[in-house]
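What follows is each chain in one-letter form.
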Amino acid sequence: MAKPLSGVRVLELARILAGPWCGQLLADLGAEVIKIERPGSGDDTRQWGPPFMMSDDGENLGAAYYHSTNRGKRSVAVDIATAQGQELVCDLVRQADIVIENYKVGGLAKYGLDHASLAKLNPRLITCSITGFGQTGPFAHRPGYDYIAQAMGGLMSMTGEPQREPQKAGIAAADLFTGLYSTVAILAALNRRRDTGLGSHIDMALLDTMVSVMANQALNWMTSGVVPRRVGNGHANLVPYQAFPTRDGELIIAAGNDGQFASLCRVLDTPLDRDERFATNPQRIRNRVELIALLEDLTMTWNREDLAERLETAGVPAGPINELDQVFANPQVVARGMAIEREGRPGVASPIVIDGIRMVSDKAAPGVPETAGPG
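Residues numbered from 1 in each chain as written. Predicted model: local features only at pLDDT ≥ 70, side-chain atom pairs only at ≥ 80, totals over all residues. Heavy atoms only, no water.

(A) Fine view of the sheet that holds strand S2 (residues 32-37). Taken together, six strands build an open sheet; the order of strands is S5-S2-S1-S6-S7-S8 and the sheet is parallel. Strand pairing shows two members of the sheet lacking a second neighbour, strand S5 (73-77) and strand S8 (200-205), which therefore form its edges. In this sheet, neighbouring strand axes are inclined to one another by 20 degrees on average, regardless of whether the strands run parallel or antiparallel. Pairing analysis gives six bridges linking strand S7 (residues 126-131) to S8, with the strands arranged parallel. Bridge pairing in S8 places Cys128 opposite Ile202. (Pairing = 2+ DSSP bridges. Helix = DSSP H or I, 4+ residues; strand = E, 2+ residues; numbered from the N terminus. Axes fitted to C-alpha atoms, helices over the stretch in contact; angles between N-to-C directions.)

(B) Representation of unusual backbone geometry. The step from Pro50 to Pro51 runs through a cis peptide bond, and the omega angle for that step is 5 degrees. Assignment of secondary structure puts Pro51 in the loop between S2 and strand S3 (52-54). Val239 connects to Pro240 through a cis peptide bond whose omega is 0 degrees. Relative to the assigned elements, Pro240 resides in the loop between helix H8 (215-224) and strand S9 (241-246). Of note, the phi angle at Ile16 is positive, near 70 degrees, even though the residue is not glycine. In this structure, Ile16 sits in the loop between strand S1 (9-13) and helix H1 (18-28). For Asp269, which is not glycine, the phi torsion reads 55 degrees and is therefore positive. Considering the arrangement of structural elements, one finds Asp269 in the loop between helix H9 (258-268) and helix H10 (281-286).

(C) Seen up close, the sheet that holds strand S10 (residues 249-254). The antiparallel open sheet is built from three strands, whose spatial order is S9-S10-S11. Strands with a single pairing partner mark the edges of an open sheet, and in this sheet they are S9 and strand S11 (318-320). Between one strand and the next, the sheet's axes are offset by a mean angle of 30 degrees, whatever the strand orientation. Two strands pair when backbone bridges link them, and S9 and S10 are joined in this way by six bridges, in the antiparallel orientation. Among the inter-strand pairings, Gln242 is bridged to a residue of S10, identified as Ile253. Helix-sheet contacts for helix H11 (residues 288-299) involve S9 and S10, and the interaxial angle to S9 is about 40 degrees. (Contact = heavy atoms within 4.5 Å.)

(D) Focus on a negative patch on the surface. On the surface, a cluster of negative charge is contributed by Asp248, Glu305, Asp306, Glu309 and Glu312. Examined against the element boundaries, Glu312 turns out to sit in helix H12 (residues 304-314). Residue classification places Glu312 among the exposed positions, given a relative accessible area of 64%. (Patch = residues over 30% accessible without salt bridge, like charges linked within 9 Å, V, L, I, M, F, W, Y side chains within 5 Å. Areas by Shrake-Rupley, 256 points an atom, 1.4 Å probe, with all protein chains shown as cover. Salt bridge = Lys/Arg side-chain N within 4 Å of Asp/Glu carboxyl O. Lys, Arg positive; Asp, Glu negative; His and termini not counted. Charge placed at Lys NZ, Arg CZ, Asp CG, Glu CD. Buried < 20%, exposed > 50% of the residue type's maximum accessible area, 1.4 Å probe, protein only.)

(E) Just the layout of surface pockets, in detail. Estimates place the volume of the largest pocket at around 1100 Å³. Every residue lining the largest pocket is counted, 36 residues in all, and those nearest its centre are Trp21, Gln24, Ser68, Leu176 and Val348. Those elements that provide at least two residues to the lining of the largest pocket are H1, helix H2 (64-68), helix H6 (173-196), helix H13 (324-327), strand S12 (339-342) and strand S13 (345-348). Across the lining of the largest pocket, the residue classes break down as 24 nonpolar, six polar and six charged. Reported here for the second largest pocket is a volume of approximately 520 Å³. Residue lining of the second largest pocket: 25 residues in total, with Arg15, Ile16, Asn102, Gly144 and Tyr145 positioned closest to the centre. For the lining of the second largest pocket, the secondary structure elements donating two or more residues are H1 and S7. Of the residues contributing to the lining of the second largest pocket, the split by class is 13 nonpolar, six polar and six charged. (1 Å grid on protein atoms, 1.4 Å probe; cavity = no way out; pocket = protein on both sides within 12 Å on 5 of 7 lines; lining within 4 Å. Points joined across faces, edges and corners; volume = space filled by probe spheres on them. Nonpolar A, V, L, I, M, F, W, Y, C, P; charged D, E, K, R; others polar.)

(F) Structural view of the packing of aromatic side chains. Considering all chains together, one arrives at two aromatic pairs under this definition. Both rings, one in Trp48 and one in Tyr65, keep their centres 5.0 Å apart while their planes meet at 75 degrees; by these two values the pair is edge-to-face. With Trp48 in the loop between S2 and S3 and Tyr65 in helix H2, the pair connects residues that are 17 residues apart, well separated along the chain. On the accessibility criterion, Trp48 (41% relative accessible area) is partly exposed. Aromatic side chains Phe133 and Phe139 sit 5.8 Å apart centroid to centroid with 85 degrees between the ring planes, which places their arrangement in the edge-to-face category. (Phe/Tyr/Trp six-rings, centres within 6.5 Å; stacked < 30°, edge-to-face > 60°.)

(G) Inspection of the pairing of S2 at higher detail. With five of its six residues buried, S2 lies for the most part within the structure. Two elements, S1 and S2, share four bridges in a ladder whose sense is parallel. Across the sheet, the residue bridging to Glu12 is Lys35, located in S2. In this region the chain leaves S1, passes through H1 and returns to the parallel neighbour S2; the handedness of that crossover is right-handed. Bridge count for S2 against S5 is five bridges, and the pairing is parallel. The residue bridging Ile34 from the neighbouring strand is Arg74, located in S5. (Right-handed = clockwise from strand over helix to strand, strands pointing away.)

Written as structure tokens, this is what we have:
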């Protein structure tokens, strides 16, 4: 069965993560993705190791980082600073549906490869420009980095323990979210093109994305005027909803409503749900510190697996904090086929399943590209 984006051609003039993540997802969905890399060094992330992926005969295939975000693509090396390179890109654009680029604002205009120039060659072209701060505004000229976007966008201010310094996420959250939102925008533009026959210029910014995904925390502040603070593994709007200690490790317990809290209390053999301080979620939030201390005393009397099993039976969401080796040994992750192998190289599958078929490319990330020539 053909994949949803079969027949769609993407030209990726992007490096590092946000743009390539978008390109990889489009490839998983069936698009043909041609990645343009610098002659010689290629995408920066080819050198972002160790660890490096090695072939069976000992050849260095590039950093694992590169392979994590470039599955399913074809790669060519083009020097866009030369007239020949610009001509090659323009030839590809004439046959393309989508261009993904993450150059600084105005960076491609000097080569005649900006959206306005390319749209003259192909009016149906959809260009997705990914930058740190967007195409407009006082910071538009600044280079964009995931870490900076996490900091400026508010994520770090509410991540970490209350009495310790702000923390970034353990993954490149701004880049990855921006890659996902870029994919959504591209698919929307493709859908609109069916009606108008015309392409679009999509303006995606890491900072915009981080501000957008502040979600409930942003509305908490807008509604109350109270700036959200770090609550460690707790939740701003739900209690109890955090990690709890047991005899042999921590267990996440996520009581999302009063009924689940009552079920938790029954498992722990405590009448706390009948205490007026804790009977409803708003009351539990107001008395968070007292309640968590009482619950921790109770969970510490259990073995983690035993408590998790009892909570599952009682309908209370719970789960262990897994390290990555445990994640990929988890029977649910194994059953869902999230660890994959392509051309002898390991990888992680896309989470998208359509009509029972997981949307993941059959191709591994490309090797070091050859420099493209005329034709």
